[in-house]
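Residue-level structure breakdown
Residue strings, one per chain:
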Amino acid sequence: MKSGSAVEARPFGRLVSLDVFRGATIAAMLLVNNAGDWKHVYGPLRHAEWHGCTFTDLIFPFFLFIVGVAIVFSLSRQREKGTDRSSVVAAITRRALILIALGMLLNLLGLVLRPWSESFRPMGVLQRIGICYFAAALLTLYGSPRGLAVCFVILLAGYWALMHFAHVPGHGPGDLTREGNLASAIDTRVLGRHCYEFDAETGLGHEPEGLLSTVPAIATVLSGCLAGFWLRRKDVGGGTKAAAMIGAGAVLIGAALVWNQWFPLNKNLWTSSYVLFSSGWALVALGACYWMVDVRGWRWWTTPFVVYGMNAITAYVGVAVVAYLTIGIKIPKEGAEPVFLKTWLYNHAYAPVFGQISPYLASAAYGFTYVLLFCAIMWALYRRRIFLKV
């Protein structure tokens, strides 16, 4: 039997392509989050300074999109089992709270180990995932694909209207600068010095995973939910599904580039155009991956990504803990101040070897070591069928 036929015979089975896409996204996240020398980072591995979008800026929304796809498959399995809604809501709430708690624990560890941290940061990547997952899962549980599409449009249009027409004291409406935008103004008022960035002199803060900007981030998850409903359809062939996703993604990317003229792509503010742009690329990437892996059955290259994708949160948390420890542990140095373990490792193992070619290569090689190390760890867990879920 051809692989494409096998997929059509089991339309509601586990999507290997989704695990592959998730794994590739997590691996990319580990790479860009762990540069050896932040003064020497290749352009695509940096976030845009403010407006704009790099490869790195696509990674987090890709993961949120994947969360949305997974929500549909998970809730569909619960319906098939006959699980009552109250139990499903309890499970959704529990998972969201665990994600938020994990994020806060990581931030607390960072506060303890990082000498430049002065205030506890309550927001973060896992916290945003938890909040967005909770909202999107409930909307999916009680809504329909049509309803989710309407919510998607309302969230993006509503966020655009707030950012353009709401008055910010001292700046007026429509200011999208770092200092004058509505999202940062709200985060400054509510979170104050607990923002990711805070200027004690001006009293201004900015939180990239802030309160108001979480609203359009929920729309990113909903775009994944809509893709999940499409992938679960029985009446459409695998090739058609893949082509439609790639086509829809191209349309969203085009629409985003048009909207960019008035509401610029901006990850820090999670602008509506940025949601369309990143969701469009996510559709293209997943559509292509789905066609290769689940329709054509080309799986010889997928195992490293699958092992990451099956334990994605474990890998993210594990790397974050190790990274914090490397900047918390100090190595004694004779006749001089102790140096951080990360600095010692980088100066002794990476700069002398890769730095001879390029300091940018040395910095990237350090981050790639995390990817390889945790791929080996995730592979060992995978072989033992150990999957740590939240």
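Before reading on, note that the structure itself is shown above.
What counts and how
Residues numbered from 1 in each chain as written. Predicted model: local features only at pLDDT ≥ 70, side-chain atom pairs only at ≥ 80, totals over all residues. Heavy atoms only, no water. Helix = DSSP H or I, 4+ residues; strand = E, 2+ residues; numbered from the N terminus. Rg over C-alpha atoms; globule rule 2.2 N^0.38 Å. Contact = heavy atoms within 4.5 Å. Areas by Shrake-Rupley, 256 points an atom, 1.4 Å probe, with all protein chains shown as cover. Lys, Arg positive; Asp, Glu negative; His and termini not counted. Charge placed at Lys NZ, Arg CZ, Asp CG, Glu CD. Core = buried A, V, L, I, M, F, W, Y, C linked by side-chain atoms within 4.5 Å. Buried < 20%, exposed > 50% of the residue type's maximum accessible area, 1.4 Å probe, protein only. Salt bridge = Lys/Arg side-chain N within 4 Å of Asp/Glu carboxyl O. Axes fitted to C-alpha atoms, helices over the stretch in contact; angles between N-to-C directions. Parallel < 35°, antiparallel > 145°, perpendicular 65-115°, else oblique. Nonpolar A, V, L, I, M, F, W, Y, C, P; charged D, E, K, R; others polar. Expected span 1.5 Å × (residues − 1). Pairing = 2+ DSSP bridges. Disulfide = S-S within 2.5 Å. Phe/Tyr/Trp six-rings, centres within 6.5 Å; stacked < 30°, edge-to-face > 60°. Lys NZ or Arg CZ within 6 Å of the ring centre and 35° of its normal. Polar contact = N/O pair within 3.5 Å; in protein donor to acceptor, adjacent residues only side chain to side chain.

1. Some thoughts on the overall build of the chain
Per the secondary structure count, the chain includes 14 helices and 4 strands. Taking 21 Å as the expected radius of gyration for a compact globule of 390 residues, we find that the chain reaches 22 Å, a close match to that expectation. A fraction of 73% describes how many contacts in the chain between residues 6 or more apart in sequence connect residues 24 or more apart. Total accessible area on the chain is roughly 18200 Å²; 65% of this is exposed by carbon and sulfur atoms. Separation between the mean location of the 33 positive side-chain charges and that of the 20 negative ones in the chain comes to 14 Å.

2. Brief notes about the nonpolar core
Membership of the largest hydrophobic core comes to 90 residues, with the highest contact counts inside it found for I71, I129 and Y308. Here this core gets 14 residues from one element, more than from any other, and that element is helix α3 (residues 55-81). Setting aside anything within four residues of it in sequence, one finds I71 in contact with Y133, A136, A137, T140, V221 and C225. Core analysis: the second largest hydrophobic core is formed by 10 residues, W50, Y159, L176 and A183 among them.

3. Quick look at the pattern of salt bridges
The final tally for this structure, using the stated rule, is 8 salt bridges. One continuous salt-bridge network, built from bridges that share partners, spans R121, E207, E209 and K267.

4. Observations concerning the packing of helix α6 (residues 145-165) against helix α10 (residues 272-295)
Any two packed helices are characterised by how steeply their axes cross, that is the angle between the axes, and by the distance between the axes. Direction vectors running N to C along α6 and α10 enclose 140°, while the axes themselves pass 8 Å from each other. Classified by the interaxial angle, the pair formed by α6 and α10 is oblique. From α6, F152, L156, Y159 and W160 reach across to α10, where they touch S272, V275 and L276. A breakdown of the residues in the contact of α6 with α10 according to their chemical character gives 6 nonpolar, 1 polar and no charged.

5. Topic: helix α12 (residues 312-326)
Compared with the 21 Å implied by 1.5 Å per residue over 15 residues, the 21 Å span of α12 between its first and last C-alpha is a close match. Among all positions in α12, only A312, I313, T314, A315, Y316, V317, V319, A320, A323, Y324 and T326 are buried.

6. Brief notes about the pairing of strand β4 (residues 336-340)
Judged from the 3 bridges that link them, strand β3 (residues 330-333) and β4 form a sheet pairing that is antiparallel. The partner of I331 across the bridge, within β4, is V339. Linking β3 back to β4 in an antiparallel pair, the connection comprises 2 residues, with G335 at a positive phi of about 75°.

7. Some thoughts on the state of the cysteines
Under the definition given, this model contains 0 disulfides. Distance from the sulfur of C53, which forms no disulfide, to the nearest cysteine sulfur (C132) is 17 Å. Among the residues examined, C53 registers a relative accessible area of 26% and is labelled partly exposed.

8. A closer look at the packing of aromatic side chains
If you walk through the whole model with that rule in mind, you get 16 aromatic pairs. Their ring planes at 85° and their centres at 5.2 Å tell us that W291 and W298 sit as a pair that is edge-to-face. For the pair Y382 and F387, a centre-to-centre distance of 6.1 Å together with 70° between the ring planes defines the contact as edge-to-face. If you follow R95 out to its NZ or CZ, it ends over the ring of Y133, 5.0 Å from the centre. Of note, R385 hangs over the ring of Y382, and the distance from its end group to the ring centre comes to 5.0 Å.

9. With respect to the side chain of K267
For K267, the location among the structural elements is in the loop between α9 (238-259) and α10. Ignoring anything within four residues of it in the chain, the contact list for K267 reads H47, D57, F60, P208, E209 and Y274.

10. Notes on helix α14 (residues 359-383)
The terminal C-alpha atoms of α14, which comprises 25 residues, lie 36 Å apart, in line with the 36 Å expected from a rise of 1.5 Å per residue. Considered for burial, the residues of α14 that qualify are A362, S363, A364, A365, Y366, G367, Y370, V371, F374, C375, M378 and L381. In this fold, the buried residues of α14 make contact with α2 (16-33), α11 (303-309), α12 and α13 (341-350). For α14, the N-terminal cap is S358; the gap from its side-chain oxygen to the backbone nitrogen of Y360 is 3.1 Å.

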